[in-house]
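# Structure at a glance
Here are the chains, one letter per residue:
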Amino acid sequence: MRLLNRTAGRLSRHRRGPLAGLVVLLLGLLISGSLYTALAPAQADTQASETEQVAHGKKLFLASCAFCHGKNGEGIPTVRDGYQIGPPLAGVGAAAVDFQVGTGRMPLTQPGQQAPRKPVVFSQEEIDALAAYVASLGPGPAIPDESDYSIEGLSEEERQEAISRGGQIFLTNCTACHNFNGAGGAMPRGGYAPNLHDVEGKHIYEALLTGPQQMPNFSNGNLTPEEKRDVIAYLGSIRETPEYAGFTLGGLGPVSEGLFAWVVGIGGLVVGSVWIASHTTRSKKSKVNA
Ligand code: HEC
Ligand code: HEC
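So, here is what we can say about the structure in this document. (Residues numbered from 1 in each chain as written. Chains lettered and ligands numbered in written order. Predicted model: local features only at pLDDT ≥ 70, side-chain atom pairs only at ≥ 80, totals over all residues. Heavy atoms only, no water.)

### Concerning the nonpolar core
Within the largest apolar cluster, 22 residues are counted, with the highest numbers of intra-cluster contacts made by Phe170, Ile204, Tyr234 and Leu235. Put simply, the parts of the chain that give this core at least two residues each are helix H7 (156-173), helix H9 (201-210) and helix H10 (225-240). Of all the elements, H10 adds the most residues to this core, at six residues. The contact partners of Phe170, leaving out residues within four places of it in the chain, are Thr175, His178, Asn179, Phe180, Gly182, Leu196, Val231, Tyr234 and Leu235. Within the second largest apolar cluster, 15 residues are counted, among which are Leu60, Phe61, Phe122 and Ala129. (Core = buried A, V, L, I, M, F, W, Y, C linked by side-chain atoms within 4.5 Å. Buried < 20%, exposed > 50% of the residue type's maximum accessible area, 1.4 Å probe, protein only. Helix = DSSP H or I, 4+ residues; strand = E, 2+ residues; numbered from the N terminus. Contact = heavy atoms within 4.5 Å.)

Below, the structure written as structure tokens:
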């Protein structure tokens, strides 16, 4: 402690002297040096963790996917029971893996007309690793970022506009297969277009990018990222106001309507009773005074 005081004293005594400049220079070097050592290995670390992720993904792939898609994702063209065992995956992209595995379609358990949605068997971290591995086989659509499909950042008015634009886009591009309200429908050759009411925004975006099975793919050239977001906003609005559950009270959604009733209704009662109470006491007092 005494030593510190003494150095501090010495520093302040020399602050204006010729040594001060040197001390500042040395301090500067020290700081930039430690900043460099702090940042440089961090870059190397992310590279290392990316290759680790791909390696982890490859291990999972060999264990759960390779017997249908081939050891290197090259696909197995053999047809068994009338179905191809597994298509090649080079170039399908991380988005296809996140969609197929994230909705439980993959790993397929039995060959059939159409891979159905099932409980998801991998954690999101494992799905990311599988996606990174498949993406390393060839360039393809990446997993979209939440900012691509979320309307959280928009004002209420912009949201309403996005939803109505999305409704139009849905009507022209999707109703033929998914029905006018997204409830789904049968497809030729025994397939079906699924109900879209409970599909996450990310998976809708990925389905559009990758066109699973008999669904066409809507690349960003066909349907701009903003139009995709609008369709997702529209499907989200259907989910929040299920028409089959009776009347919808103007379509604001049960939570916001409940909140509105609570705040305005109860709040109004409280304000009203306070007002009445204060006025009656005042009028009583004024009567007493009179
Ligand atoms: C029992 C065989 C089988 C297994 C196991 C399997 N798949 Fe598949 N996979 C298929 C078949 C068949 C298709 C094509 C039919 C379809 O798309 O529904 C397919 C399609 C896919 C697609 C879509 C390709 C495209 O063109 O968009 C991806 C991605 C995929 N599989 C990834 C995986 C991953 C990752 C695993 C392991 C976790 C896996 N699959 C396990 C048989 C299998
Ligand atoms: C030609 C018919 C067709 C059209 C048009 C079509 N889809 Fe699909 N869609 C399908 C089929 C079939 C599937 C099921 C694919 C599968 O299970 O592998 C599907 C699957 C989906 C899924 C995945 C649902 C789930 O359960 O995981 C989403 C989301 C989706 N479609 C959204 C759309 C949207 C939005 C549009 C319009 C922009 C659209 N589709 C246009 C046929 C179609």
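### Quick look at the coordination of the iron atom of ligand 1
Here the iron atom of ligand 1 is held by His69 (NE2) and Met106 (SD), and the distances to it run 2.0 to 2.3 Å. Using a relative accessible area of 22% as the deciding quantity, one classes Met106 as partly exposed. (Donors = N, O, S within 2.8 Å, 3.2 Å for Na, K, Ca; no water.)

### Let's talk about the pairing of strand S2 (residues 83-86)
Residues in a regular strand project their side chains so that they alternate between the two faces of the sheet. Strand direction decides the pairing type here: strand S1 (residues 76-80) and S2, joined by three bridges, are antiparallel. Across the sheet, Val79 pairs through a bridge with Gln84, a residue of S2. Where S1 folds back on S2, the antiparallel hairpin that results is connected by two residues, among which Asp81 adopts a positive phi of roughly 50°. (Pairing = 2+ DSSP bridges.)

### A short note on the coordination of the iron atom of ligand 2
Distances from the iron atom of ligand 2 to its protein donors, His178 (NE2) and Met215 (SD), fall within 2.0 to 2.1 Å. Viewed at the metal, the six donor atoms of the iron atom of ligand 2 are separated by angles of 83 to 179°, and the geometry they form is octahedral. With His178 in helix H8 (residues 175-178) and Met215 in the loop between H9 and H10, the pair connects residues that are 37 residues apart, well separated along the chain. Among the residues examined, Met215 registers a relative accessible area of 22% and is labelled partly exposed. (Tetrahedral: all angles 85-135°; square planar, octahedral: opposite > 155°, others 65-115°.)

### Section: the side chain of Arg105
Among the structural elements, Arg105 can be located in the loop between helix H4 (93-102) and helix H5 (124-135). For the buried Arg105, which has no salt bridge, the nearest side chain bearing the opposite charge is Glu206, at an N-O separation of 9.0 Å. Those residues in contact with Arg105, other than ones at most four positions away along the chain, are Phe99, Gln100, Ala115, Pro116, Arg117, Lys118 and Pro194. (Lys, Arg positive; Asp, Glu negative; His and termini not counted. Salt bridge = Lys/Arg side-chain N within 4 Å of Asp/Glu carboxyl O.)

Note that all results are geometric; they support no functional claim without further evidence.
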